[in-house]
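Coordinates in review
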Protein chains: 2
Amino acid sequence: MAAYSVAIMGATGAVGQVMLEILAERDFPVGELRLLASARSVGKEFEFDGKSIAVQELKEDSFAGIDLVLASAGGTLSKQYNPHAVAAGAVVVDNTSAFRMDPEVPLVVPEINPQDLEWHKGIIANPNCSTIIMDVVVWPLYHHKRVERVVVSTYQAVSGAGARAMEELEQQTRKVLAGQEPAPQELPHQIAFNLFSHNSTIGPEGYCEEEMKMIKETRKMFHDEQIQVTATTVRVPVMRAHSEAINLEFEEPISTVEAREILAAAPGVKIVDEVEANHFPMPIEAAGEDDVLVGRIRQDISQPDGCGLDLWVSGDQLRKGAALNAVQIAEELVQRKVFQKA
Amino acid sequence: MAAYSVAIMGATGAVGQVMLEILAERDFPVGELRLLASARSVGKEFEFDGKSIAVQELKEDSFAGIDLVLASAGGTLSKQYNPHAVAAGAVVVDNTSAFRMDPEVPLVVPEINPQDLEWHKGIIANPNCSTIIMDVVVWPLYHHKRVERVVVSTYQAVSGAGARAMEELEQQTRKVLAGQEPAPQELPHQIAFNLFSHNSTIGPEGYCEEEMKMIKETRKMFHDEQIQVTATTVRVPVMRAHSEAINLEFEEPISTVEAREILAAAPGVKIVDEVEANHFPMPIEAAGEDDVLVGRIRQDISQPDGCGLDLWVSGDQLRKGAALNAVQIAEELVQRKVFQKA
């Protein structure tokens, strides 16, 4: 099997570090591995495949000889550097929001729309973490019977705001327990023993960017501009798995028996729905898992026509919500032979 | 003004302690104050109105000469003792779920249905905390234009599970930060840096008791058996204020301008909706407040007919969710003269 030269943009971040883990775990055929980050991280070293690899400064000429770029250094840097990577012959799987809604760029979750990889032009976008975690579960149900409308509320871990936000949750919690001022820096409000509406910019419709991503990205991946989605996104004092309460309205009646059968067979989904034990998806159990956990699968009694379901999901934000999905895209590219070694 | 002899059942609990605070804050005309709890709390003393009051053991004959009982010692004890209190001539404002759905017992939030106090027969039920916090905000909108359906997801503080659960969140968090096993006792799962589906029993419809309370109690207070409600209730690592993401479907179009006007004028509600500053209701700011905070007031874009709104609320579970509402009921009883001094 061919080995691919891989570059990780943003290698020192929370997602970049999990990309390293996942490339190793899944035996992705990595030849050279180039770790790219900002100048201040140069000199840091990380272990991969028994070797220590030094971080290099991300520059326009960083991509010579690279086949695959896994980009997770923020939208601004993706906008600046992805074109250079593509010009150098690489395929970029971009974990930022920079290219997601670009009609020239496929937005892909391999369990949902792998066929969209066929028309890529060098950049493939990885969806928003909350979108992935919702849609991996909603898609197989939608595929069975069309979903007309989704009402989703999120319970988002701090990992979605990066490694420094994770550190902040820990440090702030220590301070609050010691009776000291929490002094938020990375996040705009106290996160220890608190929660708040996701702090992305609120647009003219009154929705924050995070919410609009869940709406627009779902439509793009499902190839359905008619599906109605409303979302309320909330940051909670949890380290690295997002949870979501999902209410679904289908075009026709659907039973929980049908839903369970479909979800039990769905790739990337694991049912955790132990009613007697009151054991359902929890972020501490989703963390470190590849599958998105789903439970509380029930008929929505507020839709007496039988067309509604309620679900509760938890998924690792850093894995399926980001790094794992990106590596799965790369694997799918290899398998579909739409990915050529430089 | 007449002074009333008041007994607090469950005086040493999280809600009982806040009842003491609120009676003092609001200058409720208290004559004798009798603090009732289980035998193991006898001997504890609490300060009220400059005097120290010793806890007495709750017994069937504890209510002689009492005008008002504020009961918050759990449903089993309310079932056992409330009839004795009523027989002794007292009015009971019961904070437990024991009598809420009894057709002979009014279920009251003074901002919603104070008129139901007129037909009480000795017991008045205080609704579930999540129900109160939702309905104080939904009712004025409903009163303006009928709400057909509610989809609500809760973010519930540990105070709802009592004083020991609050202690557990703190102690468990210290343990997790020290790298020790969290060892849940009061709550069924780890709560530090985690969250889980509300652990009340799941019924035949797949809804837990907490969710069914939100559905049934809303119908009873609104006098509308047709309003459709679905709920997903979740416990989060927050001390004492519940938050809720509320999606509303109205019978006719409603604008955010209308909604804001109505909520700005609604008693018990405070709008916190600073879009530029990304400042919305948060549990740390709702804690200690009497008003339920509401923000993220926006047109639901998944209902293109203009009949939908999305809201985000936070309210103090111990105050408006429990003790404050109970004292407000007592005040309303006094004002309506349906409350006779024994």
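Scroll up a little and you will see the structure.
Below or above, wherever it landed, is the structure these notes cover. Remember, it's a predicted structure, so these values are computed and weren't measured experimentally.

Let's shift gears to the packing of aromatic side chains. Following the criterion strictly, the structure yields 11 aromatic pairs over all chains and no others. Their ring planes at 50° and their centres at 4.8 Å tell us that Y142(A) and F222(A) sit as a pair that is tilted. Of this pair, Y142(A) sits in helix α3 (residues 129–144) while F222(A) sits in helix α5 (residues 209–222), and the two are 80 residues apart along the sequence. Here the aromatic residues Y155(A), W312(A), Y155(B) and W312(B) are joined through ring pairs into a cluster of three or more. Positioned over the ring face of F280(A) is R296(A), at 5.5 Å from the centre of the ring.

We now examine the packing of helix α3 (residues 129–144) of chain B against helix α6 (residues 256–265) of chain B. Residues and elements named next belong to chain B. Look at α3 against α6: their axes get within 9 Å of each other, and the N-to-C directions meet at 120°. One element, α3, and the other, α6, form an angle in the oblique class. With respect to the hand of their crossing, α3 and α6 are arranged in right-handed fashion. Between α3 and α6, the residues in contact are V137, P140, L141 and H144 and E258, A259, I262 and L263, respectively. A breakdown of the residues in the contact of α3 with α6 according to their chemical character gives 6 nonpolar, 1 polar and 1 charged.

Helix length check: helix α5 (residues 209–222) of chain B, at 14 residues, gives a terminal C-alpha distance of 20 Å against a target of 20 Å (1.5 Å per residue), a fit within 8%. The buried count for α5(B) comes to 11 of 14 residues, which makes it a mostly enclosed element. Among the residues making up α5(B), those that are buried are E210(B), E211(B), M212(B), M214(B), I215(B), E217(B), T218(B), R219(B), K220(B), M221(B) and F222(B). Looking at the packing, one finds that the buried side of α5(B) touches β15 (292–299) of chain A together with α3, β9 (147–155), β11 (228–232) and β13 (241–250) of chain B. Backbone geometry just downstream of α5(B) places H223(B) in the positive-phi region, at approximately 55°.

Below, the discussion takes up the environment of S314(B). All names here are of chain B. Within the secondary structure, S314 is located in strand β16 (residues 308–316). In this structure, the C-alpha to C-alpha distance between S314 and T233, residues 81 residues apart in sequence, is 14 Å. Residue contacts for S314: discarding those within four places in its chain leaves H242, S243, P281, M282, P283, A286, V292 and L293. One polar contact links S314 to S243, side chain to side chain, over a distance of 2.7 Å.

Between the two copies, chain B and chain A, the superposition gives an RMSD of 0.0 Å; the rotation angle is 180° and the shift along the axis is 0.0 Å. Between the two chains, the operation in question is that of a two-fold axis.

Counting from both sides, the interface comprises 60 residues of chain B and, opposite them, 60 residues of chain A. Between R298(B) and E211(A) there is a salt bridge, with its nearest N and O atoms 3.8 Å apart. Seen at the junction of chain B and chain A, the total is 41 residue pairs in polar contact (both at pLDDT 80 or more). Of the residues belonging to the side of chain B that touches chain A, the class tally is 28 nonpolar, 22 polar and 10 charged.

The next point concerns the pairing of strand β6 (residues 68–71) of chain A. Residue and element names in this part refer to chain A. Neither face of β6 is left uncovered, since the one carrying L68 and L70 and the one carrying V69 and A71 both have all their residues buried. For strand β1 (residues 4–9) and β6, the ladder comprises 4 bridges, and the chain directions are parallel. Looking across to β6, one finds that M9 is bridged to A71. With 4 bridges joining them, β6 and strand β7 (residues 91–94) adopt parallel strand pairing.

This part is about the sheet that holds strand β13 (residues 241–250) of chain A. Residues and elements named next belong to chain A. Reading across the sheet, the 6 strands line up as β11-β9-β13-β16-β15-β14 and stay open at both edges, with mixed pairing between neighbours. Looking along the sheet, the strands with just one partner apiece sit at the ends: β11 (228–232) and β14 (269–271). Between one strand and the next, the sheet's axes are offset by a mean angle of 25°, whatever the strand orientation. One ladder, built from 9 bridges, connects β13 with strand β16 (residues 308–316); its direction is antiparallel. Along β16, the bridge assignment pairs A245 with W312. Seen against the sheet, α5 touches β9 (147–155), β11 and β13 and runs at an angle of roughly 155° to β11. Strands β14, β15 and β16 of the sheet are contacted by helix α6 (residues 256–265), whose axis makes an angle of about 170° with β15.

Below, the discussion takes up helix α2 (residues 75–87) of chain B. Residue and element names in this part refer to chain B. Counted at 1.5 Å a residue, the expected span for α2 with its 13 residues is 18 Å, and the 18 Å between its end C-alpha atoms agrees. By the largest-angle criterion, Y81 marks the main kink of α2, which is about 35°, and a proline, P83, follows within four residues. In this fold, the buried residues of α2 make contact with β1 (4–9), β6 (68–71), β7 (91–94) and β8 (123–125). With its phi angle positive at about 95°, G89 sits one or two positions after the end of α2.

All right, on to the side chain of D116(B) then. All names here are of chain B. Positionally, D116 belongs in the loop between β7 and β8. In this structure, D116 is buried with no salt-bridge partner, the nearest side chain bearing the opposite charge being K220 at 8.1 Å. A polar contact is formed between the side chain of D116 and the side chain of N113, at a distance of 2.8 Å. Side chain to side chain, D116 and W119 meet in a polar contact 3.0 Å long.

Reading the values: the criteria
- Sequence order as written defines residue numbering, which begins from 1 separately in each chain.
- For this description, chains carry letters from A and ligands carry numbers from 1, given in the order in which they are written.
- Only residues with pLDDT of at least 70 get local features here, since the model is predicted, and only at 80 or more are side-chain atom pairs given and counted; chain-wide, interface and lining totals rely on the full set of residues.
- Only heavy atoms go into the side-chain values, all of them from the structure, while hydrogens and water stay out.
- Between 30 and 60 degrees the pair is tilted, below 30 it is stacked and above 60 it is edge-to-face, where a pair is any two Phe, Tyr or Trp rings, Trp via its six-membered ring, whose centres lie within 6.5 Å.
- Note on conventions: DSSP H or I runs of at least 4 residues are helices, E runs of at least 2 residues are strands, and numbering of each starts at the N terminus.
- Criterion for a charge above a ring: Arg CZ or Lys NZ at most 6 Å from the ring centre, at most 35 degrees from the ring normal.
- Note on definitions: angles span 0 to 180 degrees between N-to-C directions of axes, and those axes are lines fitted to C-alpha atoms, for helices only across the stretch in contact.
- Should an angle fall under 35 degrees it is called roughly parallel, over 145 degrees roughly antiparallel, and 65 to 115 degrees roughly perpendicular, with every other angle called oblique.
- By definition, turning the near helix anticlockwise from the far helix through less than a right angle yields a left-handed crossing, and turning it clockwise yields a right-handed one.
- Should any heavy atoms of two residues lie within 4.5 Å, those residues are counted as being in contact.
- Note on residue classes: Ala, Val, Leu, Ile, Met, Phe, Trp, Tyr, Cys and Pro are nonpolar, Asp, Glu, Lys and Arg are charged, and everything else, Gly too, is polar.
- To estimate how far a helix should reach, multiply one less than its number of residues by 1.5 Å.
- Burial here depends on accessible area, computed with a 1.4 Å probe over protein chains only, as a share of the maximum for the residue type. Under 20% is buried, over 50% is exposed, and the range in between is partly exposed.
- Polar contacts, as counted here, are pairs of nitrogen or oxygen atoms within 3.5 Å of one another; within protein the pair requires one atom able to donate a hydrogen and one able to accept it, and residues that are adjacent in sequence qualify only if both atoms are side-chain atoms.
- We superpose the copies by least squares over the C-alpha atoms of residues that have a pLDDT of at least 70 in both of them.
- For this document, the term salt bridge refers to a Lys or Arg side-chain nitrogen within 4 Å of an Asp or Glu carboxyl oxygen.
- Any two strands between which DSSP finds at least two bridges are classified as paired.
- The bend at a residue is defined as the angle formed between two axes, one fitted to the seven residues ending at that residue and one fitted to the seven starting there.
- All tallies of charge rest on Lys and Arg as positive and Asp and Glu as negative; His and the ends of each chain are not included.

In short, the description is geometric, and any link to function would need to be established separately.
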